[in-house]
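Read off the chains here:
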Amino acid sequence: MKTVVTFGTYDLFHVGHLNILRRAKDLGDRLVVGVSSDELNFRKKQLRPTYPIDHRLAIVESIRYVDEVFVEEALELKRQYLLYHHADILVMGDDWEGRFDEFSDICRVVYLPRTVGISSTEVKVRIRGVA
Ligand code: CTP
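Residues numbered from 1 in each chain as written. Predicted model: local features only at pLDDT ≥ 70, side-chain atom pairs only at ≥ 80, totals over all residues. Heavy atoms only, no water.

1. Focus on a negative patch on the surface
Then, in step 1: Where like charges cluster on the molecular surface, the negative patch consists of Asp-94, Glu-97, Asp-101 and Glu-102.
Then, in step 2: The residue Asp-101 is located in the loop between β4 (89-93) and β5 (108-112) in this model. (Patch = residues over 30% accessible without salt bridge, like charges linked within 9 Å, V, L, I, M, F, W, Y side chains within 5 Å. Areas by Shrake-Rupley, 256 points an atom, 1.4 Å probe, with all protein chains shown as cover. Salt bridge = Lys/Arg side-chain N within 4 Å of Asp/Glu carboxyl O. Lys, Arg positive; Asp, Glu negative; His and termini not counted. Charge placed at Lys NZ, Arg CZ, Asp CG, Glu CD. Helix = DSSP H or I, 4+ residues; strand = E, 2+ residues; numbered from the N terminus.)

Written out as structure tokens, the structure reads:
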């Protein structure tokens, strides 16, 4: 049983999110997703996600490739989360290339290419443009 763990905000769920979750699940048997809390996003970007954490968790949990979700409360806890969930593989988008190599002592670290041309930020900008 190989467990894959990945992290993200997953605000305004879009096809880039779907693609990375599908490809992450393909690498193992079980996919666990850490969804970042509203406070963590505020600390990172000085911005709250459009959808609150309970909505984002419910959406990600309902994706067929996802076996389990949890709330990521702090970036500094990544190692603990990986150990707690018995991660064999950590998957991140290649926008994070190299930034999580420190965890290669406890699991394999894989960076997957992002889907080109879409992001939650870009969706927000586009909607603002037509409103
Ligand atoms: N992701 C992806 N392709 C995209 C957008 C996101 O593969 N086009 C991946 C990210 O690399 C990450 C996961 O989806 O592993 C969650 O990313 P997140 O930051 O929540 O999504 P973004 O759309 O990038 O959000 P933002 O615009 O707020 O940065």
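There is more to say after this.
2. So, the environment of Lys-25
Then, in step 1: Residue placement: Lys-25 occurs in helix α1 (residues 15-26).
Then, in step 2: Lys-25 sits in the buried class, given a relative accessible area of 18%.
Then, in step 3: Separated by 63 residues in sequence, Lys-25 and Asp-88 have C-alpha atoms that sit 12 Å apart.
Then, in step 4: Apart from the residues lying within four places of it in its own chain, the contact partners of Lys-25 are Arg-30, Leu-31, Tyr-65 and Asp-67.
Then, in step 5: Within the structure, the side chain of Lys-25 is placed 3.5 Å from the backbone oxygen of Tyr-65, a separation counted as a polar contact. (Buried < 20%, exposed > 50% of the residue type's maximum accessible area, 1.4 Å probe, protein only. Contact = heavy atoms within 4.5 Å. Polar contact = N/O pair within 3.5 Å; in protein donor to acceptor, adjacent residues only side chain to side chain.)

3. A short note on the nonpolar core
When a protein is soluble and globular, its nonpolar side chains tend to lie buried together.
Then, in step 1: Formed by 19 residues in total, the largest nonpolar core has its most connected members in Leu-21, Leu-31, Val-33, Val-60, Val-66 and Val-91.
Then, in step 2: Secondary-structure elements contributing two or more residues to this core are α1, β2 (30-36), α3 (53-61), β4 and β5.
Then, in step 3: In this structure, Val-66 is in contact with Leu-21, Leu-31, Val-33, Val-60 and Glu-61, ignoring residues within four places of it in sequence.
Then, in step 4: One finds Phe-7, Val-32, Phe-100 and Cys-107 within the second-largest nonpolar core, a separate group that totals 14 residues. (Core = buried A, V, L, I, M, F, W, Y, C linked by side-chain atoms within 4.5 Å.)

4. A word on the packing of aromatic side chains
Then, in step 1: A complete count under the given rule lists 6 aromatic pairs for this structure.
Then, in step 2: Taking the centre distance of 4.9 Å and the plane angle of 45 degrees together, the rings of Phe-70 and Tyr-81 count as tilted. Residue Phe-70 is located in strand β3 (residues 68-72), and its partner Tyr-81 is located in helix α4 (residues 78-84); the two are separated by 11 residues in the primary sequence. Neither residue differs from the other here; Phe-70 and Tyr-81 are each classed as buried.
Then, in step 3: Arranged with centres 6.1 Å apart and planes meeting at 25 degrees, the rings of Phe-100 and Phe-103 form a pair that is stacked. (Phe/Tyr/Trp six-rings, centres within 6.5 Å; stacked < 30°, edge-to-face > 60°.)

That's the geometry; what it means functionally is another story.
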